[in-house]
Amino acid sequence: MAGGKEVNQSELSNIIDVSVVTIRAWEKEGMPVVAKGSRGKSAIYNTAEVIRWCEQRLLSKVTVGKDEDGAVISEDEGRRRKVVAEAQLAELKLAVESGELVEIEAVGAEVDTVLSGVRARLLAIPGTLALTLTNEPDPAVVRDRVFDEISGALNELSGTDFGGASEASRASDDIPPEGADASSEA
């Protein structure tokens, strides 16, 4: 290894200001040793390797991981983020319970049901009007009846409250309500 000085246990203890007992404990945790000690003979350590190991050990104790930018996250920052995430989750659950927020699956199921009904109603228009308009000579009457049927299906759709759509958004629709005269539009 490049750099560092090879020292015995007692010398290492003085250099890094920890007890010999701590050095033995660190050896068991994986601190690098150049030569193992034996009865009556002290182990030999490379100071540069030991210091690098100590830095890594300290860093691992203070860091939880890395964020999306690769920056090291401290344990305190990790705890803070966890508390924030738990608070946000609690707010979302409260919003769901109070009806302010709905799950996408519930909305999707409701939309599917409504659109299936509108589709069925639109597909029924030719059969509904075929018999009644077969002998109708006035094109204006035919146009008005077709318009009324289509408008009725679309009004059914626009009148659906998908989890609390506002009255203002429904009022802005360009389609007149069922039975309204198309020429009275502003």
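Everything below is about the structure shown above.
Attention here is on the structure that accompanies the text. (Residues numbered from 1 in each chain as written. Predicted model: local features only at pLDDT ≥ 70, side-chain atom pairs only at ≥ 80, totals over all residues. Heavy atoms only, no water.)

**Quick look at the pattern of salt bridges**
Per the counting criterion, the structure on display carries 7 salt bridges. With its nearest N and O atoms 3.1 Å apart, the salt bridge here joins D76 to R79. Of the two residues, D76 and R79 both sit in helix α4 (residues 75-97), 3 residues apart, roughly one turn of that helix. Among the residues examined, D76 registers a relative accessible area of 57% and is labelled exposed. Measuring nitrogen to oxygen at the nearest pair gives 3.1 Å for the salt bridge that ties R121 to E156. A residue pair is termed long-range when its members are at least 10 positions apart, and R121 in helix α5 (residues 104-133) and E156 in helix α6 (residues 139-158) qualify at 35 residues. We classify R121 as partly exposed; its relative accessible area is 27%. (Salt bridge = Lys/Arg side-chain N within 4 Å of Asp/Glu carboxyl O. Helix = DSSP H or I, 4+ residues; strand = E, 2+ residues; numbered from the N terminus. Buried < 20%, exposed > 50% of the residue type's maximum accessible area, 1.4 Å probe, protein only.)

**Some words on unusual backbone geometry**
Trans peptide bonds make up the majority, and among non-glycine residues the majority have a negative phi. A positive phi angle, close to 60°, is found at D17, a residue other than glycine. Tracing the chain through its elements places D17 in the loop between α1 (9-16) and α2 (20-29). For D17, a relative accessible area of 69% translates into the label exposed.

**Points about the side chain of N46**
Among the structural elements, N46 can be located in strand β2 (residues 44-46). Looking at N46, its side chain comes within polar contact range of the main-chain oxygen of G3, at 3.2 Å. Within polar-contact distance, the side chain of N46 engages the backbone nitrogen of A48 at 2.9 Å. (Polar contact = N/O pair within 3.5 Å; in protein donor to acceptor, adjacent residues only side chain to side chain.)

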